[in-house]
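So the chains spell out like this:
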Amino acid sequence: MQNKIEVNDFSFFYGDFQALIDLNIPIREKQITALIGPSGCGKSTFLRCLNRMNDTIDGTRAEGQVLLDGRNVYEADVDVVELRQRIGMVFQRPNPFPQSIYDNVAFGPRVLGMARGAKLDNLVQDSLEGAALWSEVRHRLKDPAMSLNAGQQQRLCIARAIAVAPEVILMDEPCSALDPVATLKVEELMRELAENYTIVIVTHNMQQAARASDWTGFFWLGRLVEFAETANIFGAPREELTEAYITGRRG
């Protein structure tokens, strides 16, 4: 089984505060990796380190390696724009642009010069189909994105992410603002997307991690306590702290 990303002895600092401590994590290609742990343990910080979104915060620094297909994304000559095209992001709350449904999906391809005209139309359709949204919006592509319900908006954001042909999709609690029905739709979509993309998801929902992921990493105070196949993490964890967290005795 091939690793798409390999994290080696990775630490991350906000000024003098060390948020992540000596992480070593293999992220398998075209599988779903879930990151669990209490609030403030470093999960979302780690997720944003994978495509260097934390670079926008003054006073931050990284040590160690994040290898994408064998190359350290923190090397000085890495094109960060290209990196974020290869590693896309879906955020906690749906954040569609104040534009039409069509223009939301077309935004990235237009900026990157990927397509125009009929080719762009096809790309938008393919992306909406990939996000399981096309059948619901095909006759209203010019409607404002904000006219969609929350679950549809999140799937639109997923369509926007895949429109630029990423290799990895990061999802930071993508279902926390959704109702149970919309949550299950996004989970089903993640399973379908994993046929073509490597997915890393941060979630506070233990059931979601158990249902949707292939691998799970448990974070605690900036450290990775345990990383294993999801069935083992939830069925036979090696560490007492992991068992205490997933059973609700710690957290």
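In the block above lies the structure referred to throughout.
Residues numbered from 1 in each chain as written. Predicted model: local features only at pLDDT ≥ 70, side-chain atom pairs only at ≥ 80, totals over all residues. Heavy atoms only, no water.

Attention shifts here to the overall build of the protein. The helix and strand inventory of the protein stands at 10 helices and 10 strands. Over its C-alpha atoms the protein spans a radius of gyration of 18 Å, differing by no more than 12% from the 18 Å that the globule rule assigns to 251 residues. Across the 251 residues that make up the protein, the buried fraction comes to 52%. Sequence-distant contacts, at least 24 apart, represent 68% of the contacts inside the protein between residues at least 6 apart. Accessible area of the protein: about 11,700 Å², with a carbon and sulfur share of 47%. For the protein, the centre of its 26 positive side-chain charges and the centre of its 33 negative side-chain charges are spaced 4 Å apart. (Helix = DSSP H or I, 4+ residues; strand = E, 2+ residues; numbered from the N terminus. Rg over C-alpha atoms; globule rule 2.2 N^0.38 Å. Buried < 20%, exposed > 50% of the residue type's maximum accessible area, 1.4 Å probe, protein only. Contact = heavy atoms within 4.5 Å. Areas by Shrake-Rupley, 256 points an atom, 1.4 Å probe, with all protein chains shown as cover. Lys, Arg positive; Asp, Glu negative; His and termini not counted. Charge placed at Lys NZ, Arg CZ, Asp CG, Glu CD.)

The tally for this structure, following the rule as stated, stands at 7 aromatic pairs. Look at phenylalanine 97 and phenylalanine 107: their rings are 4.9 Å apart centre to centre, the planes differ by 65°, and that puts the pair in the edge-to-face class. With phenylalanine 97 in the loop between strand 6 (87-90) and helix 3 (101-112) and phenylalanine 107 in helix 3, this residue pair connects regions lying 10 residues apart in the sequence. On the basis of relative accessible area, phenylalanine 97 is assigned to the partly exposed category, the value being 26%. What makes phenylalanine 107 partly exposed here is its relative accessible area of 38%. Residue placement shows arginine 61 over the ring face of phenylalanine 13; its charged tip is 3.9 Å from the ring centre. One residue, arginine 160, lies across the ring of phenylalanine 97, its end atom 4.0 Å from the ring centre. (Phe/Tyr/Trp six-rings, centres within 6.5 Å; stacked < 30°, edge-to-face > 60°. Lys NZ or Arg CZ within 6 Å of the ring centre and 35° of its normal.)

Attention now moves to unusual backbone geometry. In this model, lysine 30 sits at a positive phi of 55°, which is unusual for a non-glycine residue. By secondary structure assignment, the location of lysine 30 is in the loop between strand 2 (17-28) and strand 3 (32-36). With phi around 60°, arginine 52 is a residue other than glycine that occupies positive phi space. By secondary structure assignment, the location of arginine 52 is in the loop between helix 1 (43-50) and strand 4 (60-68). Looking at arginine 52, the relative accessible area reads 13%, which means it is buried.

If you look at the biggest cluster of nonpolar residues, it comprises 46 residues, and the most contacted ones within it are Leu128, Leu156, Ile158, Ile169, Met171, Leu193 and Ile199. Ignoring any residue separated from it by four or fewer positions in sequence, one finds leucine 128 in contact with Val105, Leu133, Trp134, Val137, Leu141, Leu156 and Ala159. In terms of nonpolar packing, the next biggest core, distinct from the first, is built from 29 residues, Val7, Phe10, Val73 and Leu170 among them. (Core = buried A, V, L, I, M, F, W, Y, C linked by side-chain atoms within 4.5 Å.)

An order of 2-1-4-5 is seen for the 4 strands of this open sheet, with the pairing classed as antiparallel. Edge positions in the sheet fall to strand 2 and strand 5 (71-72), since each has one partner strand and no second. Sheet topology note: the strand 1 (residues 3-14)/strand 4 ladder contains 8 bridges and is antiparallel. Pairing of glutamate 6 across the sheet is with leucine 67, part of strand 4. Where helix 1 meets the sheet, its contacts fall on strand 1, strand 2 and strand 4, and the angle it forms with strand 1 comes to roughly 120°. (Pairing = 2+ DSSP bridges. Axes fitted to C-alpha atoms, helices over the stretch in contact; angles between N-to-C directions.)

Over the atoms, a rolling probe the size of a water molecule traces out where space has been left empty. Within this model, the largest pocket holds a volume of roughly 620 Å³. In this structure, the largest pocket is lined by 22 residues; those nearest its centre are Arg84, Gln85, Gly88, Met89 and Val164. For the lining of the largest pocket, the secondary structure elements donating two or more residues are helix 2 (80-86), strand 6, helix 3 and helix 6 (150-162). Taken together, the residues that form the lining of the largest pocket break down as 14 nonpolar, 6 polar and 2 charged. (1 Å grid on protein atoms, 1.4 Å probe; cavity = no way out; pocket = protein on both sides within 12 Å on 5 of 7 lines; lining within 4 Å. Points joined across faces, edges and corners; volume = space filled by probe spheres on them. Nonpolar A, V, L, I, M, F, W, Y, C, P; charged D, E, K, R; others polar.)

One open sheet accounts for 6 strands, arranged 6-7-8-3-9-10; its pairing is mixed. Because the sheet does not close on itself, it has two edges, and the strands there are strand 6 and strand 10 (223-229). Between one strand axis and the next, the sheet turns through 20° on average, direction left out of account. For strand 9 (residues 215-220) and strand 10, the ladder comprises 6 bridges, and the chain directions are antiparallel. Across the sheet, threonine 216 pairs through a bridge with alanine 228, a residue of strand 10. Lying over the sheet, helix 6 contacts strand 6 and strand 7 (168-172), oriented at roughly 170° with respect to strand 6.

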